[in-house]
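Coordinate inspection notes
Here are the chains, one letter per residue:
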Amino acid sequence: MLGAVIGDIVGSVYEFDNIKTKDFPFFQDRCRFTDDTICTLALAECLLDGGDPAIYLRRWCREYESSYGFGFRRWVHDDNAGPYNSWGNGAAMRVSPAAYLAKNHQDALRLAEHITQVTHDHPRGLLGAAAVTTAIWLALSGATAAEIRKQIERQYRYDLGRRVDEIRPSYEFNESCDGTVPEAITCALEAQDFEDAIRNAISIGGDSDTVAAITGSIAEALFGIPSDLRTAAMPFLRDRFIEVLNRSYKSVGSFQSKRDSKSTR
Ligand SMILES: [Mg+2]
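Rules and cut-offs
Residues numbered from 1 in each chain as written. Predicted model: local features only at pLDDT ≥ 70, side-chain atom pairs only at ≥ 80, totals over all residues. Heavy atoms only, no water. Donors = N, O, S within 2.8 Å, 3.2 Å for Na, K, Ca; no water. Buried < 20%, exposed > 50% of the residue type's maximum accessible area, 1.4 Å probe, protein only. Axes fitted to C-alpha atoms, helices over the stretch in contact; angles between N-to-C directions. Helix = DSSP H or I, 4+ residues; strand = E, 2+ residues; numbered from the N terminus. Parallel < 35°, antiparallel > 145°, perpendicular 65-115°, else oblique. Left-handed = near helix turned anticlockwise from the far one by under 90°. Contact = heavy atoms within 4.5 Å. Polar contact = N/O pair within 3.5 Å; in protein donor to acceptor, adjacent residues only side chain to side chain.

Donor atoms from the polypeptide that bind the magnesium ion are Thr34 (OG1), Asp35 (OD), Asp36 (OD) and Asp209 (OD), placed at 2.1 to 2.4 Å. Sequence spacing of the donors to the magnesium ion: T-D-D-x172-D. Like aspartate 35, the residue aspartate 36 is buried in the burial classification.

Spelled out as structure tokens, the structure:
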């Protein structure tokens, strides 16, 4: 959740202006939240309220303007539109609340499918969302990066064998789950800490805010988010966003303590 939001904000200035380096100013004045933050928080509120994901996505995305993808924008503004067989990486960047707000792994996967299939009902879209959910769930449960890599490769058949330095030289903009999720997971699993994970994600280029949002959602569960970064992110958010985040973290009490103990380890 907040990890995805921070990745989105930091990556927002690099989506159409890639940099292939980890050396860049983290939060900058021209950073802003984009569709990755809006959709993540819409679905967090939806799960907290037990509501219809389509209604929450449409409500939030009509209220907050962003550079939504063509197919998604059309869906947002058509109340009668059904799922449109998308395999886009939007399925993966917005799914983190399913892992954070679930009771167990099976429940997390059920919630992930519930909030994904309203738009991204292509098998590769559903798979991307499920893989990110599993990675977050495992990290929250105390699994190591090596254990997560092994299970994701086995369960989802993604190739996580390349290192960030091997991905970076040839990686380009890609809006599919298949061309984003394995790279984003690798950027989180190879990192030393939360900030390092986001720097990995931005440094490979591509759809930077979305890659960093996915990476950030997993890195948050693996490492926790340092309090100075939490504080620095707040001025970029609307009051309503912060309220939804606070409500969300209040209801993941049992995992909050796990994550906090990880970050002080
Ligand atoms: Mg975006």
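Moving on, there is more to tell.
Before going further, it helps to examine the packing of helix α1 (residues 2-11) against helix α12 (residues 194-203). The contact between α1 and α12 brings their axes to 10 Å, and the two run at 45°. The orientation of α1 with respect to α12, classified from their angle, is oblique. Handedness of the crossing formed by α1 with α12: right-handed. Every residue of α12 that contacts α1 at Gly3, Ile6, Gly7, Val10 and Gly11 is listed here: Phe194, Ile198 and Ile202.

Extensive coverage of α12 is indicated by the burial of nine of its 10 residues. The set of residues buried in α12 consists of Phe194, Asp196, Ala197, Ile198, Arg199, Asn200, Ala201, Ile202 and Ser203. Packed against the buried residues of α12 are α1, α10 (164-167), α11 (181-189), α13 (208-223) and α14 (227-233). Sitting at the head of α12, aspartate 193 places a side-chain oxygen 3.3 Å from the backbone nitrogen of glutamate 195. The positive-phi residue at the C-terminal boundary of α12 is glycine 205, with phi of around 80°.

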